Amino acid sequence: MSTVKFFYGDDLPLEMHKVRIVQKLDLKPIEHRLAAITEAGNNTFLLKNRDVFMDMLTDSGVNAMSDQQMAAMMQADDSYAGSETFTRLSVKIEEIFGKKFFLPAHQGRACENIISQAFVTPGSVVPMNYHFTTTKAHITLNGGTVEEIPIPEAFHLTSTYPFKGNMDIAKLKAVIKKYGVEKIAFVRLEAGANLIGGQPFSLENMSEIRQVCDEFGLMFVLDASLLADNLYFIKEREETCRELSIREITRKIADLTDIIYFSARKLGCARGGVICTNNEEAFVKMRELVPLYEGFLTYGGMSVREMEAIAVGLEETMDEDMINQGPQFIAFMTEELQKMGVPVVTPPGGLGCHVNAMEFLPHIPQNQYPAGALAAALYLVSGVRGMERGTMSEQRDEDGNEPLANVELLRLAMPRRVFTLSQVKYAIDRLCWLFENRKLVGGLTFVEEPKILRFFFGKLATVSDWQSKLVEQFRNDLGDSL
Ligand SMILES: Cc1ncc(COP(=O)(O)O)c(C=O)c1O
């Protein structure tokens, strides 16, 4: 991998693009932000964009699009059936992943709905490196359960282990033995495991999973939503892949799978969802569900313009200069925070910089949502919107018990090619100030708690008036600064 060496000072991540369309941002005073976060029930999902300075909630559907993507959108073929756009996207998918059957869906969770309805039956089990919120919701909705079998390093938040997203192969065999092969719906591997800090798997681990699947006749499903980052990490960190191109690594990964699905809001930097496979029987089983839930087989709920953008976005994902921008900015942010003593997940993963909320706010018990409180507090002191990834993002069981998450993380997503380095430095600065004043931050409690995916639109109250104290301290330290 070629890197630019700087002559003076520190190495910096250097953008291999220029910005030609911009969107104006507004940074409102802290008193305004206090009113906004209160109105949003301390849930950053419920903030209005006009009140947000840096939107680090997610990368989903908000990665910067390229000039080539925008140009391709103009030649979209808008027809209900037989569209040329569908053919172009199919050809690109087959070229990159080597899969000849492609099913479109409106986004990643729609792919999960189709796959779960097709293969998950009551009592069945899906072993996986780690769950994602919508994945687990669809599997449980169909009567299945999720068995998480990451390697132990996944939960060592401060580590140098390069592939914390790997699956524990011994545990995979144990799960198959425990439930019996007939109960296993499929084995699922998530690229850039989202809820444990965007941590990658290695190609070596994937090959081992494939061997187990072959031994027991199981289907191997890859959630490739965060594949772009994972590809970069394999190339950077896996000795045997150093000389391979991103395209070659992608193909090796794809060849190990039976089904690949992804959110094209992430992979492909547009908006949509893709399922692809070479398994005709599986394809036919899933195909029936597409017109029922998504739309006709040639668009599956996507706009054809977005489909054109996905085809170009997938091709651009094969360009190392494109996919390294996110991980390099994330590494910069993580390393700067680490220097200041802020507890962050290491090694830096993809998707975003992840702050360890349990260590940042050790005085807040998990049932008062430390990661949620940290997200609300950071918004208050900076206008930066992050996302809670901890107990708030978990779902109560049938008896109403609240499972405590394995990790409590504040995710500060780094949509690809969206922020400048000075904006990232601003976010670092405010997070460091908050760390200095962390004792002022208190917990949260639900006042409106939806049954399913409660983190999306649940509302919470503060357990004390800690937020006004934080505002007071901010004014003391930073005067009339925004
Ligand atoms: C790993 C993973 N799988 C599935 C999804 C769901 O995709 P979508 O948001 O497009 O429904 C996401 C979204 O964040 C994800 O990160």
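Residues numbered from 1 in each chain as written. Predicted model: local features only at pLDDT ≥ 70, side-chain atom pairs only at ≥ 80, totals over all residues.

### Overview of the overall build of the protein
Turning to step 1, where the next piece is worked out: For the protein, the helix and strand inventory stands at 19 helices and 14 strands.
Turning to step 2, where the next piece is worked out: The globule rule puts the C-alpha radius of gyration for 482 residues at 23 Å, and the 22 Å found for the protein is close to it.
Turning to step 3, where the next piece is worked out: The 482 residues of the protein split such that 50% are buried.
Turning to step 4, where the next piece is worked out: Within the protein, contacts between residues separated by at least 24 positions form 72% of all contacts whose residues are at least 6 apart in sequence. (Helix = DSSP H or I, 4+ residues; strand = E, 2+ residues; numbered from the N terminus. Rg over C-alpha atoms; globule rule 2.2 N^0.38 Å. Buried ≥ 20, exposed ≤ 12 C-beta atoms within 10 Å, placed from the backbone. Contact = placed C-beta atoms within 7 Å.)

### Considering the sheet that holds strand β9 (residues 352-356)
Turning to step 1, where the next piece is worked out: Across the sheet, three strands lie side by side as β9-β12-β11; this open sheet has antiparallel pairing. The open sheet has two edge strands, β9 and β11 (387-389), and neither has a second partner. Taking the axes of each pair of neighbouring strands and ignoring which way they run, one obtains an average angle of 30° across the sheet.
Turning to step 2, where the next piece is worked out: Where β11 meets strand β12 (residues 409-413), three bridges bridge the pair, whose relative direction is antiparallel. Bridge assignment links Glu 388 to a residue of β12, and that residue is Leu 410. (Pairing = 2+ DSSP bridges. Axes fitted to C-alpha atoms, helices over the stretch in contact; angles between N-to-C directions.)

### A short note on the site of the ligand
Turning to step 1, where the next piece is worked out: Around the ligand, 15 residues are found, and the nearest of them are Gln 107, Gly 108, Arg 109, Ser 225 and Ser 263.
Turning to step 2, where the next piece is worked out: Of all the elements in the fold, those that place two or more residues in the shell around the ligand are α4 (108-119) and α5 (133-141).
Turning to step 3, where the next piece is worked out: A class-by-class count of the residues in the shell around the ligand yields two nonpolar, nine polar and four charged. (Near = placed C-beta within 6 Å. Nonpolar A, V, L, I, M, F, W, Y, C, P; charged D, E, K, R; others polar.)

### Re the domain arrangement of the protein
A common way to state how big an interface is: give the accessible area lost once the parts meet.
Turning to step 1, where the next piece is worked out: In terms of domain boundaries, the protein breaks down into domain 1 (30-59 + 323-478) and domain 2 (67-321).
Turning to step 2, where the next piece is worked out: For domain 1 and domain 2, the distance between their C-alpha centroids amounts to 28 Å.
Turning to step 3, where the next piece is worked out: Broken down by secondary-structure element, the contributors of at least two residues to the side of domain 1 that touches domain 2 are α14 (325-339) and β9.
Turning to step 4, where the next piece is worked out: Per-element accounting of the side of domain 1 that touches domain 2 gives the leading share, three residues, to β9.
Turning to step 5, where the next piece is worked out: Here the side of domain 1 that touches domain 2 is built from residues that sort into nine nonpolar, ten polar and three charged. (Domains from an automatic or database assignment.)

### Observations regarding the confidence of the model for the protein
Turning to step 1, where the next piece is worked out: Overall, the prediction assigns the protein a mean pLDDT of 97, with 100% of residues at 70 or greater.
Turning to step 2, where the next piece is worked out: The least confident element of the protein is helix α18 (residues 454-457), whose mean pLDDT is 94; the most confident is strand β6 (residues 220-223), at 99. (pLDDT = per-residue confidence, 0-100.)

### Points about the environment of Glu 359
Turning to step 1, where the next piece is worked out: Following the sequence through the fold, Glu 359 ends up in helix α15 (residues 357-360).
Turning to step 2, where the next piece is worked out: The exposure class of Glu 359 is partly exposed, given the 15 C-beta atoms found within 10 Å.

### So, the pairing of β12
Turning to step 1, where the next piece is worked out: Among the five residues in β12, five count as buried, and that is most of the element.
Turning to step 2, where the next piece is worked out: In this structure, β9 lies alongside β12, joined through five bridges in antiparallel fashion. Bridge pairing in β12 places His 354 opposite Arg 411.

### Quick word on helix α8 (residues 227-237)
Since the α-helix packs 3.6 residues into each turn, any two residues three or four apart lie on the same face.
Turning to step 1, where the next piece is worked out: Counting buried positions along α8 yields nine of eleven residues, so the element is predominantly enclosed.
Turning to step 2, where the next piece is worked out: Burial in α8 covers these residues: Leu 227, Ala 228, Asp 229, Asn 230, Leu 231, Tyr 232, Phe 233, Ile 234 and Lys 235.
Turning to step 3, where the next piece is worked out: Contacts made by the buried residues of α8 are with α7 (203-216), α9 (246-255), β7 (259-263), α12 (304-317), α13 (320-323) and α14.

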